[in-house]
Amino acid sequence: MKQSPRLMSHLQRAEDHVQNAQESWDATDLSRCAECVEYLRHAADELLLAQQFTGESDVPSAEMAAKAKDRLQRLHSSVNRLSRLVDAAMGFHRRLALDTGMEEAVTSESNG
Amino acid sequence: MSNLMSVLTGAGNALDAYQKAMDVVQNNITNANTPGYASQSINLVPQPFELSGGLVGGVAAKGLISARDDSADAAVQQQLQLLGKYQMQAQDTASLSNFFDATGNTGVSADLNQLFQAFSAWSVTPNATTAQQGVLDAAQSFATDVNELAGSLAQTGQAIQGQISSNVQQINQLATQIQQYNIQRDNTATPDPNLDAQLHSELEQLSQLVNFSQITQANGTVTLVLSGGAPLVVGTEQYNISAVAQVPAGAANPNSTPSARILDSNGNDITSQITGGQLGGELDTHNRVLASLLGDATQAGSLNTFAKSVADTINNILESGTVGVQAGAANGIALFTYNNADATTPAASLALNPNITPATLAPVDSSGNANGNALQLASLATSTANGSINGKTFGDYFSGLMSALGGENSVATANQQTQQQVADQTKTQRDQISGVSLDQQALMMLQFQNSYQAAAKMVTVLDELAQSTINMMPLY
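Small disclaimer: the values here were computed from a predicted structure and weren't measured.

About the thresholds
- Residues numbered from 1 in each chain as written.
- Chains lettered and ligands numbered in written order.
- Predicted model: local features only at pLDDT ≥ 70, side-chain atom pairs only at ≥ 80, totals over all residues.
- Heavy atoms only, no water.
- Helix = DSSP H or I, 4+ residues; strand = E, 2+ residues; numbered from the N terminus.
- Buried < 20%, exposed > 50% of the residue type's maximum accessible area, 1.4 Å probe, protein only.
- Contact = heavy atoms within 4.5 Å.
- Areas by Shrake-Rupley, 256 points an atom, 1.4 Å probe, with all protein chains shown as cover.
- Core = buried A, V, L, I, M, F, W, Y, C linked by side-chain atoms within 4.5 Å.
- Domains from an automatic or database assignment.
- 1 Å grid on protein atoms, 1.4 Å probe; cavity = no way out; pocket = protein on both sides within 12 Å on 5 of 7 lines; lining within 4 Å.
- Points joined across faces, edges and corners; volume = space filled by probe spheres on them.
- Nonpolar A, V, L, I, M, F, W, Y, C, P; charged D, E, K, R; others polar.
- Pairing = 2+ DSSP bridges.
- Axes fitted to C-alpha atoms, helices over the stretch in contact; angles between N-to-C directions.
- Phe/Tyr/Trp six-rings, centres within 6.5 Å; stacked < 30°, edge-to-face > 60°.
- Expected span 1.5 Å × (residues − 1).
- Polar contact = N/O pair within 3.5 Å; in protein donor to acceptor, adjacent residues only side chain to side chain.
- Disulfide = S-S within 2.5 Å.
- pLDDT = per-residue confidence, 0-100.

Draft legend 1. Seen up close, the overall build of chain A. Counting its secondary structure elements, chain A contains four helices and zero strands. Each helix and strand of chain A, placed in order from N terminus to C terminus, yields the pattern α-α-α-α. For chain A, buried positions account for 48% of its 112 residues. The contacts of chain A with a sequence gap of at least 6 include a subset with a gap of at least 24, amounting to 68%. Here chain A has roughly 5,500 Å² of accessible surface; of this, 48% comes from carbon and sulfur atoms.

Dropping the structure here:
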C-alpha cells in the first residue's frame, strides 16, 4: 500500500490546525492565545507524522510530490504570517513593560 | 491572493484591537493613583468569519468598559459626608473646650471659688479692709475671666464663620468644575475615563464639604442638589450658594452673635438643608453648640445666663443690706455691672462696679445682722437657698456647662474615629471593585508574555518542520 494518501491526510490536518490557530489568535485574550498554541501543537504533531511518512516511503508520483510541496509551502506561508502576529504582540508587550516600568516582565522575556 | 489579503486584514484588525487593549492597560497603570479613576477594560467583540463572503473574522475593539460601581461611589460619598461633619464638630468643639479648665484649678471656676472664699473671709471680719479688698479683687478677677471667656468663644465663632465662608467658596469652585465637566460631557458621545476620574474626584471632594444628591442624566451629565432640593449644578447651569452672618430683623436679642446662614442663588435661607460634610459640622457647632454658650437671636446662652445670675444674685444681696449696723448706715451697692441691652450681652460686659469701694461693701443684712449678707454670699458656694440657676448652685451650673461642652467634644471625637474607619473600609471596598490593582495589571502582563512566548516557540517549530519536510520531498 502506498503511503502518499496518509502523507496528504496528515498535511491536510496540519493545514486545518494552522488555519484554526490563525483564527484563534487574539493577542488580547489569554484563553484564545492558549487555544492557538494548542492548535499549533497539533499541527506540529501532524507535520512530524507527515515527515515520518515522507522519509519511510517513496512518494509515488511527481504529481503527488508537487501537490505535497505546494501544500507545505502554503503551510509555511501561513506559519510565517502567524509568526509576524506573534512577534508584533511581543513587541507591543515589551514596549508596554518598558513604558510602565515593569522591568521584571522585560527581563523575564529576555531570559525566556 | 484574496485569501492572503483577507488573513492579513483580519490580523491587522486584531493588532489594532490589541494595541487599544494594551493602551487601556497602560492608562490603568498610569492612573493607578489618580483620585476617582476607575479601572477600564476594552470591550472586544469577535468579528464574523466567512472568507468567501469577505468577512475576515478576528476581533474588534468596541469601546471601553468601566469598572466603576455607582452604588459603591455613592456609599463612599455618603460616608465622607458624615466623616467631614464629625471631623469639623470634633475640631471645633475641641477649640471651644480649650477655653475651659475641666479641673477647676484655673479660669472662671477657680475665680468663682475664690470669690466665694473671699466672701467667707469677709464674713469673719466684715469691717476689715483687707477682707473687703479681697472681695473686690476676687470679683475683679471673676469678671475679667468671664469677659475673656466670652471674648475667646466669640473669636472662635468668628474663625468658624471664616471656615464656613471658605467652605462655601470651595463648594462653588467644585460646582463650577462639575459644570465644566457637564459642558464637555454634553459635547461628547462617549465618556472619557480620565474626565470621568476627574469628575468623581471632584464629587468625592464635594462630599467631604457638604451633603448632596447626585443624579446622572441620560446624556451623562450630572445634576447636583443639596439634600433639601436647592440646586448646585443642573446640566450646564451652576447655582452659587453664599454664606452670611446675620441676626434676623426684629430678633429678641439684636446684639447677639450673628448666626451663620447659607443662602441659595435666589437668596433663600437653606441652612437647614445642610446637615452633612464639613460645612454641616461647622454650621452645627456655630449655630447650636456655640449659640448654646453665647446665645443667639432667640436664646441668652448659658454663659450669659450664668454671668447675669451670679451678678444679679450678689448685687441683690448687697443692695438689700447696709454697710454698718448703726442707724442711718448707707445702703449697699452692686458689686458688678453689665450691659443689659439684651440677654446675650452680660458675659462680655461683666465688670466690677466702678463705684464700689471696700467701705461701700454691705456686710449687714436687712435684719441687722453684722455679717448676714457676707454669710449669705459665702453660702452661694454650696447652697441654692440664696441663689441658683435651674436649681443648681452657680458652681454646679458652670461645671454642667463645661461638662456639656466636653460631652459634645467626646461624642464628636468618637463619631469621627468610628466614621474614619467606616469611610476607609467603604473606600477599600469601592477600590476593590473599581480601582486599579497594579499587581493585577502586572500579573496580566506576565500572563500575556508567557502566552506569546509559547506561541512563538510553536511557530518556530512549525516553521522548521515545514521547511525540512519540503526539503525531504523527492525531485522528479
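Draft legend 2. Summary view of the nonpolar core. All names here are of chain B. The biggest cluster of nonpolar side chains holds 51 residues, and the ones touching the most others in it are Phe119, Phe142, Phe306, Ile314, Leu335 and Phe336. At the level of secondary structure, the elements contributing two or more residues to this core comprise helix H3 (107–124), helix H4 (129–186), helix H6 (277–294), helix H7 (302–319), helix H9 (372–379) and helix H10 (394–434). Tallying contributions element by element places H4 first for this core, with 11 residues. Per-domain counts for this core show at least three residues from each of domain 2 (73–301 + 395–427) and domain 3 (302–391). In contact with Ile314, not counting residues within four places along its chain, are Leu115, Phe119, Leu335, Phe336, Leu377 and Leu380.

Draft legend 3. Inspection of the environment of B:Pro258 at higher detail. All names here are of chain B. Position of Pro258 relative to the elements: it lies in the loop between strand S9 (242–246) and strand S10 (259–263). Each C-alpha atom of the pair Pro258 and Val244 lies 8.9 Å from the other, and the pair is 14 residues apart in sequence. Discounting chain neighbours no more than four positions away, the residues touching Pro258 are Ala245, Gln246, Val247 and His286.

Draft legend 4. Inspection of the side chain of A:Arg71 at higher detail. Residues and elements named next belong to chain A. Note that Arg71 resides in helix H3 (residues 62–99). A residue is classified by how much of its surface remains accessible, and Arg71, at 18% relative accessible area, is buried. Contact partners of Arg71, with chain neighbours within four places excluded, come to Met8, Leu11, Gln12 and Glu15.

Draft legend 5. Here's a closer look at the environment of B:Thr344. Residue and element names in this part refer to chain B. Note on placement: Thr344 falls in the loop between strand S11 (336–337) and helix H8 (346–349). On the basis of relative accessibility, which here comes to 9%, the residue Thr344 falls in the buried class. Taking C-alpha positions, Thr344 is 4.8 Å from Ala300, a pair spaced 44 residues apart along the chain. Here Thr344 is in contact with Asn253, Asn255, Ser256, Leu294, Gly295, Asp296, Gln299, Ala300 and Asn304, once residues within four sequence places are set aside.

Draft legend 6. Representation of empty space enclosed by the protein. As enumerated under the stated definition, the model contains three cavities of 30 Å³ or more in all. When its volume is computed, the second largest cavity comes out at roughly 50 Å³. Residue composition of the lining of the second largest cavity, by class: four nonpolar, five polar and one charged.

Draft legend 7. Representation of the sheet that holds strand S6 (residues 222–226) of chain B within the structure. Residue and element names in this part refer to chain B. Ordered by their spatial adjacency, four strands build an open sheet running S5-S6-S7-S8, and the pairing between neighbours is antiparallel. Each end of this open sheet is capped by a strand with a single partner; those strands are strand S5 (212–216) and strand S8 (237–238). Note that strand S7 (residues 231–234) and S8 share two bridges and pair antiparallel. Each bridged residue has a counterpart across the sheet, and for Val233 the counterpart in S8 is Gln238. Together, S5, S6 and S7 form the strand contacts of helix H5 (residues 193–209), whose direction differs from that of S5 by roughly 160°.

Draft legend 8. Examining the packing of aromatic side chains more closely. Residue and element names in this part refer to chain B. Per the stated rule, a full pass over the model turns up five aromatic pairs over all chains. Ring centres of Phe100 and Phe398 lie 5.9 Å apart, and the angle between their planes is 40°; on these two criteria the pair is classed as tilted. Within this pair, whereas Phe100 is found in the loop between helix H2 (70–97) and H3, its partner Phe398 is found in helix H10, the two being separated by 298 residues in sequence. Across this residue pair, the class does not change: Phe100 and Phe398 are buried. Between Phe306 and Phe398, the aromatic rings sit 4.9 Å apart at their centres with planes inclined by 45°, giving tilted as the arrangement. Taken as a pair, Phe306 in helix H7 and Phe398 in helix H10 lie far apart in primary sequence, 92 residues in all. Among the aromatic residues, those joined into a ring-pair cluster are Phe100, Phe142, Phe306, Phe336 and Phe398.

Draft legend 9. The arrangement of H5(B) in detail. All names here are of chain B. End to end, H5 covers 24 Å across 17 residues, agreeing with the expected 24 Å (1.5 Å per residue, within 8%). When you tally the buried positions in H5, you get 13 out of 17 residues, the bulk of the element. Its side-chain oxygen placed 2.8 Å from the backbone nitrogen of Asn194, Asp192 serves as the N-cap of H5.

Draft legend 10. Broad picture of the state of the cysteines. Within this structure, the stated rule accounts for zero disulfides over all chains. A disulfide-free cysteine, A:Cys33 has its sulfur positioned 7.0 Å from the sulfur of A:Cys36, the nearest such atom.

Draft legend 11. The arrangement of the environment of B:Phe99 in detail. Positionally, B:Phe99 belongs in the loop between H2 and H3. It is 7.7 Å that separates the C-alpha atoms of B:Phe99 and B:Leu153, two residues lying 54 residues apart in sequence.

Draft legend 12. Seen up close, the confidence of the model for chain A. Residue and element names in this part refer to chain A. On average, residues of chain A score 78 in pLDDT, and 73% of them reach the 70 mark or higher. Averaged over each element, pLDDT in chain A is lowest for helix H4 (residues 103–111) (48) and highest for helix H1 (residues 4–24) (88). Taken together, the stretch residues 105–112 has pLDDT below 50 and engages in 18 contacts with residues farther than four places along the chain or on a different chain.

Draft legend 13. View of the pairing of S6(B). All names here are of chain B. The element S6 is extensively covered by neighbouring structure, given that five of its five residues are classed as buried. Neither face of S6 is exposed, since Val222, Leu224 and Leu226 on one face and Thr223 and Val225 on the opposite face are all buried. The loop that links S5 with its antiparallel partner S6 comprises five residues; one of these, Gly220, has a positive phi angle of about 90°. In terms of strand pairing, S6 meets S7 through two bridges, oriented antiparallel. Paired with Leu224 across the two strands is Val233, which belongs to S7.

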